[in-house]
Amino acid sequence: MYKFQVNDMTCGHCAATIDKAVKSVDSAAQVTIDLPSHHVEIRSEKPASTFAAAIADAGYTGKLQA
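A. Geometry of the nonpolar core. One finds Phe4, Val6, Met9, Ile18, Val40 and Ile42 to be the most contacted residues of the largest nonpolar core, which totals 15 residues. When contributions to this core are tallied by element, the ones reaching two or more residues are β1 (2-5), α1 (12-25), β3 (39-43) and α2 (48-57). At four residues, the largest contribution of residues to this core is made by α1.

Have a look at this one:
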């Protein structure tokens, strides 16, 4: 599981855009978005870097949490 901090995700539209970006990388990924805390959790076998790139390509700043 990967957890990203996406501070510039501020509304439902932002969350939907990020969800779509993640699913474009891995359609089977399980995505949990907590808008108030700006967290995006992703369960997938694909590397975290592919999701970081997808979030960035969608126009957001996602920082992988340790």
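Now, onward.
B. Quick peek at unusual backbone geometry. For histidine 38, which is not a glycine, the phi torsion comes out positive at approximately 65°. By the secondary structure assignment, histidine 38 is in the loop between β2 (30-34) and β3. Here histidine 38 falls in the partly exposed class, since its relative accessible area comes to 22%.

C. The sheet that holds β2, seen in detail. The sheet built from four strands is open, its strands ordered β2-β3-β1-β4 with antiparallel pairing. Taken across any chain shown, the strands that pair with only one partner, and hence form the sheet edges, are β2 and β4 (63-64). For β2 and β3, the ladder comprises five bridges, and the chain directions are antiparallel. Across the sheet, threonine 32 pairs through a bridge with glutamate 41, a residue of β3. Packed onto the sheet, α1 meets β2 and β3 and runs at close to 160° relative to β2.

Each value, and the rule that gives it
Residues numbered from 1 in each chain as written. Predicted model: local features only at pLDDT ≥ 70, side-chain atom pairs only at ≥ 80, totals over all residues. Heavy atoms only, no water. Core = buried A, V, L, I, M, F, W, Y, C linked by side-chain atoms within 4.5 Å. Buried < 20%, exposed > 50% of the residue type's maximum accessible area, 1.4 Å probe, protein only. Helix = DSSP H or I, 4+ residues; strand = E, 2+ residues; numbered from the N terminus. Pairing = 2+ DSSP bridges. Contact = heavy atoms within 4.5 Å. Axes fitted to C-alpha atoms, helices over the stretch in contact; angles between N-to-C directions.

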